[in-house]
Protein chains: 2
Amino acid sequence: MKTRPDQSMLPILDWGRRYDRPALMSDLLAAAIVTLMLIPQSLAYASLAGLPPEVGLYASIVPLLLYAILGTSQVLAVGPVAVVSLMTATAIGEHALAGTPQYWAVAITLAFLSGAMLLLMGLLRLGFLASFLSHPVISGFITASALLIAAGQLKVVLGVKAEGQNFAEILLSFMRQMGQVHLTTAFIGLTMIGFLFWARRGLKPLLVSWGLRPQAADAWAKAAPVAGIALTAALTWLLGWQQSGVRIVGALPQGLPPLTMPLWDFDLWRELAVPALLISVVGFVESVSVGQTLAAKRRQRIEPDRELVALGASNLGAAFTGGFPVTGGFSRSVVNFDAGAQTPAAGVFTAVGILLAALLLTPVLYFVPQATLAATIVVAVLSLVDLSILRRTWSYSKADFAAVMTTLLVTLGIGVESGLVAGVLVSLLLFLFKTSRPHIAEVGLVAGTEHFRNVLRHQVIVDPRLLSLRVDESLYFANSRALEDRINEEVAARPQLRHVVLQCSAINDIDASALESLEAIDLRLREAGIAFHLSEVKGPVMDRLKATELLAHLKGQVFLTHYQAVARLAPQMLVRGSETSASSDG
Amino acid sequence: MKTRPDQSMLPILDWGRRYDRPALMSDLLAAAIVTLMLIPQSLAYASLAGLPPEVGLYASIVPLLLYAILGTSQVLAVGPVAVVSLMTATAIGEHALAGTPQYWAVAITLAFLSGAMLLLMGLLRLGFLASFLSHPVISGFITASALLIAAGQLKVVLGVKAEGQNFAEILLSFMRQMGQVHLTTAFIGLTMIGFLFWARRGLKPLLVSWGLRPQAADAWAKAAPVAGIALTAALTWLLGWQQSGVRIVGALPQGLPPLTMPLWDFDLWRELAVPALLISVVGFVESVSVGQTLAAKRRQRIEPDRELVALGASNLGAAFTGGFPVTGGFSRSVVNFDAGAQTPAAGVFTAVGILLAALLLTPVLYFVPQATLAATIVVAVLSLVDLSILRRTWSYSKADFAAVMTTLLVTLGIGVESGLVAGVLVSLLLFLFKTSRPHIAEVGLVAGTEHFRNVLRHQVIVDPRLLSLRVDESLYFANSRALEDRINEEVAARPQLRHVVLQCSAINDIDASALESLEAIDLRLREAGIAFHLSEVKGPVMDRLKATELLAHLKGQVFLTHYQAVARLAPQMLVRGSETSASSDG
């Protein structure tokens, strides 16, 4: 399974060999659309991360090339994304002031560490680690991050100076500053938000009604942010808004991404280790879930461990070319997919597009109002807010609800890193809590059958001399004591008891602690004159038990089926089972 | 189940009502033997904890009385024990110098915090928390602690001044000091160790050969430490060994335990919180496991949550009467049981015995050499060393072996608290790791039956249009992605596939993440033109699924049995199953 004949070490060798003209045309078109989308997004997310806008462009060139060579998804578009940019801002904020060269250097170091971790996780095949971020935690985290980002960007949209470490502080500071709203800025920003929200739903039908084909209308509708940005930039240039205090992007350096090095400061590395790990895991999870969803639509698949390597290389690439942490973005990958990208070559063409923008287009971006970029972020992240998860988990599972709420509240109230860690811990603890209190049912014989069911739910036949228990969980250290307790309790309450039979049909594993518990149960029962038996032990579990002393010591037996156990140990139950099919004595 | 008619709020009301003369006589005899054993042990463990010896006596009076009133075990003997005393010394060592009044005050505070935590855990019914200390971790921890204690006491036995924070340091410092061995001290200490080891095996047969009845011989053999202590004390007094530098217990205050208060220093509390929690949990686990083992021998039972309350009260009692953290001891409880104790009244009588010792006997203890006490500790703790757990876990489960080794090495190399925490973390992570990589088998029809088995292990019938998968684990966030990956992989490899059926017989739970994964799987399969079905879903799991949208959206169906699913979806398999009973095409 590991090495398939049709897969090379480098995915590019697979698709590169089959590359043809139709694929080229599709990839070029998709790349053009994604490039248009990525230019303003890159600038905006770099600002969100507290970095100069051009850094966003730098982070969208070499990382895309490296992903195209190493990635297993045909359509994933890599670059700066909202949540990771917020996490980057939080992580660097503790070590440097936004806008300083030191800040940028720390961002580069963070990308380097994150890349190294991803690469290492990939080479060690540790992709499964990402599984410990449960869906509820991810949902809560993304929703809370989106709210934090939106709250933070609103001040740029309105031209006020709100500050704050958490959601409540940002909102409070915001309300206090309401008097200082810069009217022209607010006009530009709010109009842009209104336009973008309208464009999502209304632009495509409008274009279709104007006679465009639906597919073309869709592509043009996706370019709405670019149109909005171009329009506001043109208006600013014409009307001189920047002179009345509207903040604009301003002069961006023109040219190739710089060659950069991370800071070789081990104290800093140690302090950035946890944020870098969290950024890696969140980025990986976002990237893999969108990659998997899109791959499945074409019956393709991605390989999580190779994705780790590809994303690791992309982040290392970002670190050495003046970028900051990147990952596979949701919306741009969907756009890339919908626009018909066939192979990672679309990513290469997109990288070339962004490179051209960095070389030639930066003067054009001079007059873009910052409020316009902030508006595109607000609209983009608000689509990530999903509060329905609260309702759904509440009705399905209170444990999952608790995990969502914890993540949401801690992220909003304390911060992104604390929120994520708290969410993971709560979900792990609740899972352990659940498995530590397994469902243990006393079962009895259903009259006229060979089936055994829960005595509390069904009319079944039982016998005071024989106790049948079924544990609906694998036995391990955290629940083996619960089984001991339950059996002790039952034994103390049943003076006539002679046999205890444990039906093991739902036990997928027995660890060393549980094995010792079974030995302890057997020993205690034996000393009380009771035989302990097992039934319906699964093959793999039996294989391991055979090598232990439990079976040698066991006073009772191991039965293939629970019915056989009862037939041997309490035949009177079967007689009653055949005599009566309605009455029960248990 | 919660409130049984035969159980009162206070266990003492149950056994007190039925108390009679035979029980009284049995309890008195057991109490006399345990008192003899407990006097030297209490002094020794107080010294081990870095406290004045009389504190050991104080910790063996009021705690015993409180446990007799509140405890649910009939025979548990509470007081200072080796491992908890070591943990106490470690915890206080960071806050005060051994021998100072501050040190004692911190010990009292530690007992207070530990008692409060136990009480709270009991009232909140959090006894299950102790389950997270797996057997391998406990074994590794106790063995390592015993080695640490023995290494630490050896210097007292030999009269040298070795110091060190961990096992290697203690041993190294010890070797460097070998030239300074105090010969008389070493003679007393080593002779005592030799005598005690011999007494364990050889004394009882000798006494029996002298004509004693086996039971009496056993009781007298248990008193060997007392005899050894009395003899060395007498020799010291006669020969004036203390003048040649043999350290003796010296003058102990005579009288009732003092009334004391914990330090109301919240900074100190915060720093002691983790050690106090670890001491509580270790003490509780030790106490409950010995209590359960002994209760089962008489078909009695103990209630873990009420044990927490009783141990909590005992520790609070220790805090207010000049003691230090206590718990139910293994060896003394076994002695109490073997000596015939019938009720907790034996504990009351033991407490009275220790009280009399504190009031009257302290002058007699003046000449007891410290080396003799240290020798009793060395012999007692070496019986706790169990390295066979390494061999057993190695052959049974590598994950459990890793947990034992981690606990053992970190405890020896860094310290008791780190060792315990590392052990718990490693065992939890390995459990999560195991459940995150569930066994997923492709199953096929066994010819001539309605059974489905693993295609890798059995000759079975399969069909390229239908894929049957069985997951041997409950589905939750950490493994739902593994199922997604597996299905993606299978789908990509089978161009003819039309149906995927998930056999859910081993799935005891599906959490919200797994539910979303199932929805994602269904969606992706549907987009690839494949129907996703479930079979053999358990009742409780089905109850919850019914309320979700999964079943409404599902393109496939939910079948009662896997055979029904195949009969409906791929009837050609059944035909082949009846035609042939030996060949297979998968």
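Provided above is the structure to which this section pertains.
Let me begin by describing the structure that accompanies this report. (Residues numbered from 1 in each chain as written. Chains lettered and ligands numbered in written order. Predicted model: local features only at pLDDT ≥ 70, side-chain atom pairs only at ≥ 80, totals over all residues. Heavy atoms only, no water.)

## Notes on the overall build of chain A
So, step 1. Of the regular secondary structure elements, chain A holds 25 helices and 8 strands.
So, step 2. The 586 residues of chain A split such that 58% are buried.
So, step 3. Sequence separation of at least 24 residues holds for 79% of the intrachain contacts in chain A that already meet a minimum separation of 6.
So, step 4. Of the roughly 24,200 Å² of accessible surface on chain A, a fraction of 64% belongs to carbon and sulfur atoms.
So, step 5. Charge-centre separation for chain A: the mean point of 43 positive side chains lies 7 Å from the mean point of 40 negative side chains. (Helix = DSSP H or I, 4+ residues; strand = E, 2+ residues; numbered from the N terminus. Buried < 20%, exposed > 50% of the residue type's maximum accessible area, 1.4 Å probe, protein only. Contact = heavy atoms within 4.5 Å. Areas by Shrake-Rupley, 256 points an atom, 1.4 Å probe, with all protein chains shown as cover. Lys, Arg positive; Asp, Glu negative; His and termini not counted. Charge placed at Lys NZ, Arg CZ, Asp CG, Glu CD.)

## What about the environment of Ile-142 of chain B?
So, step 1. The topology assignment puts Ile-142 of chain B in helix 7 (residues 135-158).
So, step 2. Once the C-alpha coordinates of Ile-142 of chain B and Leu-408 of chain B are considered, the two residues, 266 residues apart in sequence, prove to be 8.5 Å apart.

## Side note on the side chain of Asp-463 of chain B
So, step 1. Following the sequence through the fold, Asp-463 of chain B ends up in the loop between strand 4 (452-454) and strand 5 (466-471).
So, step 2. Of note is the side chain of Asp-463 of chain B, whose polar atom sits 3.0 Å from the side chain of Gln-572 of chain B. (Polar contact = N/O pair within 3.5 Å; in protein donor to acceptor, adjacent residues only side chain to side chain.)

## Examining the interface of chain A and chain B
Where interface size is given, it is often the accessible area lost as the parts come together that is meant.
So, step 1. Contacts between the two partners involve 78 residues from chain A and, on the opposite side, 78 residues from chain B.
So, step 2. Contact with chain B buries area across many residues of chain A, yet Arg-299, Tyr-396 and Arg-481 of chain A alone supply 14% of it, more than any other trio.
So, step 3. The interface formed by chain A and chain B holds 4 salt bridges in total.
So, step 4. Notably, a salt bridge pairs Asp-509 of chain A with Lys-434 of chain B, separated by 3.2 Å at the nearest N-O pair.
So, step 5. Remark: the boundary between chain A and chain B carries 14 residue pairs in polar contact (both at pLDDT 80 or more).
So, step 6. Going through the elements one at a time, helix 7 (135-158), helix 12 (266-297), helix 17 (388-396), helix 19 (416-436), helix 20 (477-493), helix 21 (512-527) and helix 22 (539-546) of chain A are the ones with two or more residues in the side of chain A that touches chain B.
So, step 7. Per-element tally for the side of chain A that touches chain B: the top contributor is helix 20 of chain A, with 12 residues.
So, step 8. Looking at the side of chain A that touches chain B residue by residue, the class counts come to 32 nonpolar, 19 polar and 27 charged. (Buried area = accessible area lost by both parts, 1.4 Å probe. Salt bridge = Lys/Arg side-chain N within 4 Å of Asp/Glu carboxyl O. Nonpolar A, V, L, I, M, F, W, Y, C, P; charged D, E, K, R; others polar.)

## A few points about empty space enclosed by the protein
Residues and elements named next belong to chain B.
So, step 1. Applying the stated criterion to the full structure yields 12 cavities of 30 Å³ or more.
So, step 2. In this structure, the largest cavity occupies an estimated 110 Å³ of space.
So, step 3. Leu-76, Ala-77, Asn-336, Pro-344 and Gly-347 are the residues nearest the centre of the largest cavity, which is lined by 16 residues in total.
So, step 4. At the level of elements, helix 2 (21-48), helix 4 (62-70) and helix 15 (345-361) are the ones that each hand at least two residues to the lining of the largest cavity.
So, step 5. Counting residues per element, the lining of the largest cavity draws most heavily on helix 4, which supplies 3 residues. (1 Å grid on protein atoms, 1.4 Å probe; cavity = no way out; pocket = protein on both sides within 12 Å on 5 of 7 lines; lining within 4 Å. Points joined across faces, edges and corners; volume = space filled by probe spheres on them.)

## Notes on the packing of aromatic side chains
So, step 1. Tallying each qualifying case throughout the model produces 26 aromatic pairs over all chains.
So, step 2. With a centroid separation of 5.7 Å and 50° between ring planes, the pair formed by Trp-264 of chain B and Trp-269 of chain B is classed as tilted.
So, step 3. Using a relative accessible area of 18% as the deciding quantity, one classes Trp-269 of chain B as buried.
So, step 4. Each member of the aromatic cluster is reached from another via a ring pair, and the members are Phe-431, Tyr-476 and Phe-477 of chain A together with Phe-431, Tyr-476 and Phe-477 of chain B.
So, step 5. The ring centre of Tyr-396 of chain B lies 4.5 Å from the NZ or CZ of Arg-544 of chain A, which sits over that ring. (Phe/Tyr/Trp six-rings, centres within 6.5 Å; stacked < 30°, edge-to-face > 60°. Lys NZ or Arg CZ within 6 Å of the ring centre and 35° of its normal.)

## Some remarks on the relation of the copies chain A and chain B
So, step 1. Its rotation angle being 180°, the transformation that places chain A on chain B also includes 0.0 Å of axial translation and leaves an RMSD of 0.1 Å. The symmetry that links the two subunits is that of a two-fold axis. Distance from the rotation axis, computed per C-alpha, reaches its smallest value in chain A at Ala-506 of chain A: 2.9 Å.
So, step 2. Of the residues that chain A buries at the interface, 100% are likewise interface residues in chain B, meaning the two copies contact each other through the same surface. (Least-squares fit on C-alpha atoms with pLDDT ≥ 70 in both.)

## Some points on unusual backbone geometry
So, step 1. With a phi angle near 55°, Glu-536 of chain A is a residue other than glycine that sits in the positive phi range.
So, step 2. Even without a glycine there, the phi angle at Arg-125 of chain B is positive, about 55°.
So, step 3. Checked against the element boundaries, Arg-125 of chain B lands in the loop between helix 6 (101-123) and helix 7.

## Quick word on a nonpolar patch on the surface
So, step 1. Residues Leu-231, Leu-235, Trp-237, Leu-238 and Leu-239 of chain A make up a contiguous nonpolar surface patch of about 560 Å² in total accessible area.
So, step 2. As for its placement among the helices and strands, Leu-238 of chain A is situated in helix 11 (residues 224-239). (Patch = residues over 30% accessible without salt bridge, like charges linked within 9 Å, V, L, I, M, F, W, Y side chains within 5 Å.)

## A closer look at the pairing of strand 3 (residues 440-445) of chain A
Residue and element names in this part refer to chain A.
So, step 1. Burial analysis of strand 3 places 6 of its 6 residues in the buried class, which makes it a mostly covered element.
So, step 2. By the alternation rule, side chains of strand 3 split into Ile-440, Glu-442 and Gly-444 and Ala-441, Val-443 and Leu-445, which are all buried.
So, step 3. Summarising the sheet, strand 3 and strand 5 (residues 466-471) pair through 3 bridges and their orientation is antiparallel. If you follow Ala-441 over to strand 5, its bridge partner there is Arg-470.
So, step 4. Across 3 bridges, strand 3 lies against strand 4 (residues 452-454) in antiparallel orientation. In the sheet register, Val-443 faces strand 4, and the bridge partner there is Asn-454. (Pairing = 2+ DSSP bridges.)

## Points about the sheet that holds strand 4 of chain A
So, step 1. Across the sheet, which stays open at both edges, the 6 strands sit in the order 4-3-5-6-7-8 (chain A) with mixed pairing between neighbours. Two strands close off the open sheet at either side, each with one partner strand: strand 4 and strand 8 (558-559) of chain A.

## Describing the sheet that holds strand 5 of chain B
All names here are of chain B.
So, step 1. Across the sheet, which stays open at both edges, the 6 strands sit in the order 4-3-5-6-7-8 with mixed pairing between neighbours. Strand pairing shows two members of the sheet lacking a second neighbour, strand 4 and strand 8 (558-559), which therefore form its edges.
So, step 2. Of the pairings in the sheet, the one linking strand 6 (residues 499-503) to strand 7 (residues 531-535) comprises 5 bridges and is parallel in character. Directly across from Leu-502, in strand 7, lies its bridge partner Leu-534.
So, step 3. Packed onto the sheet, helix 21 (residues 512-527) meets strand 6 and strand 7 and runs at close to 140° relative to strand 7. (Axes fitted to C-alpha atoms, helices over the stretch in contact; angles between N-to-C directions.)

## Quick look at the nonpolar core
So, step 1. The biggest cluster of nonpolar side chains holds 258 residues, and the ones touching the most others in it are Met-87 and Leu-133 of chain A together with Met-87 and Leu-133 of chain B.
So, step 2. Discounting residues that sit within four places of it in the chain, Met-87 of chain B has contacts with Phe-141, Leu-278, Ile-279, Val-282, Val-416 and Leu-420 of chain B. (Core = buried A, V, L, I, M, F, W, Y, C linked by side-chain atoms within 4.5 Å.)

## Side note on the pairing of strand 6 (residues 499-503) of chain A
Residue and element names in this part refer to chain A.
So, step 1. The buried count for strand 6 comes to 5 of 5 residues, which makes it a mostly enclosed element.
So, step 2. Neither face of strand 6 is exposed, since His-499, Val-501 and Gln-503 on one face and Val-500 and Leu-502 on the opposite face are all buried.
So, step 3. Both strand 5 and strand 6 contribute to a ladder of 5 bridges, which runs parallel. Each residue of the ladder has a partner; that of Leu-469, found in strand 6, is Leu-502.
So, step 4. Note that the unit made of strand 5, helix 20 and strand 6 has a crossover that is right-handed. (Right-handed = clockwise from strand over helix to strand, strands pointing away.)

## Side note on the pattern of salt bridges
Residues and elements named next belong to chain A.
So, step 1. Counting across every chain of the model gives 28 salt bridges over all chains.
So, step 2. With a closest N to O distance of 3.3 Å, Arg-125 and Asp-305 form a salt bridge. Here Arg-125 is found in the loop between helix 6 (101-123) and helix 7, whereas its partner Asp-305 is found in helix 13 (residues 304-320), with 180 residues between them in sequence.
So, step 3. Residue classification places Arg-125 among the partly exposed residues on the basis of a relative accessible area of 42%.
So, step 4. Take Asp-305: its relative accessible area is 17%, and that puts it in the buried class.
So, step 5. Taking the shortest distance from any N to any O, the salt bridge between Arg-486 and Glu-490 comes out at 2.8 Å. Of this pair, Arg-486 and Glu-490 both sit in helix 20, 4 residues apart, roughly one helical turn.
So, step 6. Each of Glu-442, Arg-486, Glu-490 and Arg-494 takes part in one network of salt bridges that share partners.

## Topic: the packing of helix 9 (residues 183-209) of chain A against helix 11 of chain A
Residue and element names in this part refer to chain A.
So, step 1. Put simply, helix 9 and helix 11 touch, their axes get as near as 10 Å, and they point 150° apart. The angle between helix 9 and helix 11 falls in the class roughly antiparallel. Note on packing geometry: the crossing formed by helix 9 with helix 11 is right-handed. Taking contact as the criterion, the partners of Ile-188, Met-192, Phe-195, Leu-196, Ala-199 and Leu-203 in helix 9 are, on helix 11, Ala-224, Pro-225, Gly-228, Ile-229 and Thr-232.
So, step 2. Partitioning the contact of helix 9 with helix 11 into residue classes produces 9 nonpolar, 2 polar and no charged. (Parallel < 35°, antiparallel > 145°, perpendicular 65-115°, else oblique. Left-handed = near helix turned anticlockwise from the far one by under 90°.)

## Section: helix 16 (residues 370-382) of chain A
So, step 1. In this model, helix 16 of chain A (13 residues) spans 18 Å end to end at C-alpha, consistent with the 18 Å of a helix rising 1.5 Å per residue.
So, step 2. Every buried residue belonging to helix 16 of chain A is among Ala-371, Thr-372, Leu-373, Ala-374, Ala-375, Thr-376, Ile-377, Val-378, Val-379, Ala-380 and Val-381 of chain A, and all of these are buried. (Expected span 1.5 Å × (residues − 1).)

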